[in-house]
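What follows is each chain in one-letter form.
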Amino acid sequence: ASYTQEALERASNLICCPDQRWLAAKAVILFLTLKRQEFWTRSDWSTQGRFSSACSWVKVIVRIYDWRNINLAIKRGVAMSKHWEPYMRAALTEAQIAMDTSGDVPVGAVLVDASGEIVARGRNEKELLGDPTAHAEIVAIREASSLKGDWRLEDLTLVVTLEPCVMCAGAIQAARISRVVFGAWDEKVGASGSLYDLVRDKRLGTEIEVIPEVLANEASVQLKEFFANKR
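Just so it is clear, the structure is predicted and the values come from calculations on it, not from any experiment.

The rules behind the values
- Every chain begins its residue count from 1, and numbering advances along the sequence as written.
- Since the coordinates come from a predicted model, pLDDT governs what is reported: local features require at least 70, and pairs of side-chain atoms require 80 or more to be given and counted, while whole-chain, interface and lining totals use all residues.
- With hydrogens and water excluded, all non-hydrogen atoms of the structure serve as input to the side-chain values.
- Secondary structure elements are defined from DSSP: runs of H or I of at least 4 residues count as helices, runs of E of at least 2 residues count as strands, and each element is numbered from the N terminus.
- For the area figures, the Shrake-Rupley method with a 1.4 Å probe applies, and any residue is considered shielded solely by the protein chains shown.
- By definition, two strands form a pair when at least two bridges between them are found by DSSP.
- Only C-alpha atoms enter the line fits that serve as axes; for helices the fit covers just the stretch in contact. Angles between N-to-C directions range over 0 to 180 degrees.
- Every residue pair with non-hydrogen atoms within 4.5 Å of one another is taken to be in contact.
- The term nonpolar core refers to a set of buried residues drawn from Ala, Val, Leu, Ile, Met, Phe, Trp, Tyr and Cys, joined through side-chain atoms within 4.5 Å.
- For every residue, the accessible area (1.4 Å probe, protein chains only) is compared with the maximum for its type, and the residue is labelled buried under 20%, exposed over 50%, or partly exposed between those bounds.
- Side-chain rings of Phe, Tyr and Trp (the six-membered ring for Trp) are treated as a pair once their centres are within 6.5 Å; stacked means planes under 30 degrees apart, edge-to-face means over 60, and tilted covers the remaining angles.
- A right-handed crossover is one whose linking path, passing over the helix from the first strand to the second, runs clockwise when the strands point away from the viewer.

## Digging into the overall build of the chain
Move 1: Within the chain one finds nine helices and five strands.
Move 2: Each helix (α) and strand (β) of the chain, taken in turn from the N terminus, gives the series α-α-α-α-α-β-β-α-α-β-α-β-β-α.
Move 3: Only carbon and sulfur atoms are counted for the fraction: they give 54% of the accessible area of the chain, which is about 12,200 Å².

Shown next as structure tokens:
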């Protein structure tokens, strides 16, 4: 039972959209049922090997299991992304300002409360301030904390044009932000599901919902144009 529970927890972390997490759980159960003989009796498998084997099958099984419900989950995910697009456009505007005014890498962020109001804005200001910590997420978090008079930002959603890095992921966890929405993936230093997944790492204390790829193409094009002009 403990093995199964651990496998289910690991599987749930493979799925970005919360609506699809139950599918991951069902996939693991199906896998264990089909592979029970081999999975539990092979003496040359370590416990870690058993977990890794189960989780490696999750994505494949999810794709072939119960297509009707998978399609429903995808539709919900699309609707969720649409909801955040106006806020991502506001973040893209902040990114454009950073590029135009200080020559900073165009990354922008906004913090949104439960009522849908933008309560804080931030843009990359590393070059402007000569501060290596002045990423868009950090700037927005500092502004929100100052306005609220409290470092706890549990009721806010962070919308940012680029996947948060390790530093920003730590700040997001420290501020107890409940949800992160981002545009483009950062394959080099991303810490929200690409290279690392610190934002959703339960060992750091807070379980944070992650919604990726909202207006991802627009965010990616903005960054590519900036670096193309730098060459």
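## Remarks on the sheet that holds strand S4 (residues 179–184)
Move 1: Pairing is mixed in the open sheet, where five strands are placed in the order S2-S1-S3-S4-S5. Lying at the two open borders of the sheet, with one neighbouring strand each, are strand S2 (118–123) and strand S5 (209–211). Sheet twist, expressed as the mean angle between neighbouring strand axes with direction ignored, is 15°.
Move 2: In this sheet, strand S3 (residues 157–162) lies alongside strand S1 (residues 108–112) in antiparallel orientation, the contact comprising four bridges. In the sheet register, Leu111 faces S3, and the bridge partner there is Leu158.
Move 3: Together, S1, S2 and S3 form the strand contacts of helix H7 (residues 136–148), whose direction differs from that of S2 by roughly 145°.

## Quick look at the nonpolar core
Move 1: Among the nonpolar cores identified, the biggest contains 43 residues, and Trp84, Met88, Leu111, Ile141, Leu153, Val159 and Ile177 are the most heavily contacted of them.
Move 2: Broken down by secondary-structure element, the contributors of at least two residues to this core are helix H5 (67–102), S1, H7, S3, helix H8 (166–175), S4, S5 and helix H9 (216–230).
Move 3: Ranked by the residues each element gives to this core, the list is headed by H5, at six residues.
Move 4: Apart from residues lying up to four places away in sequence, Ile141 is in contact with Leu111, Leu153, Ala171, Ile172, Ala175 and Ile177.

## So, the packing of aromatic side chains
Move 1: For the structure shown, the criterion picks out three aromatic pairs.
Move 2: A ring pair is formed by Phe182 and Trp185, whose centres lie 4.9 Å apart and whose planes are at 80°; its orientation type is edge-to-face.
Move 3: Given a relative accessible area of 0%, Phe182 falls into the buried group.
Move 4: Taking 5.1 Å as the distance between ring centres and 80° as the angle between the ring planes, the aromatic pair formed by Phe226 and Phe227 counts as edge-to-face.
Move 5: Judged by relative accessible area, Phe226 falls into the buried class, the value being 6%.
Move 6: What makes Phe227 partly exposed here is its relative accessible area of 39%.

## A word on the pairing of S3
Move 1: Taken across its six residues, S3 has six buried, putting it largely inside the fold.
Move 2: Relative to S4, S3 runs parallel, the two sharing five bridges. By the bridge assignment for S4, Thr157 is matched with Arg179.
Move 3: After leaving S3, the chain enters H8 and then returns to the sheet as S4, a path that is right-handed.

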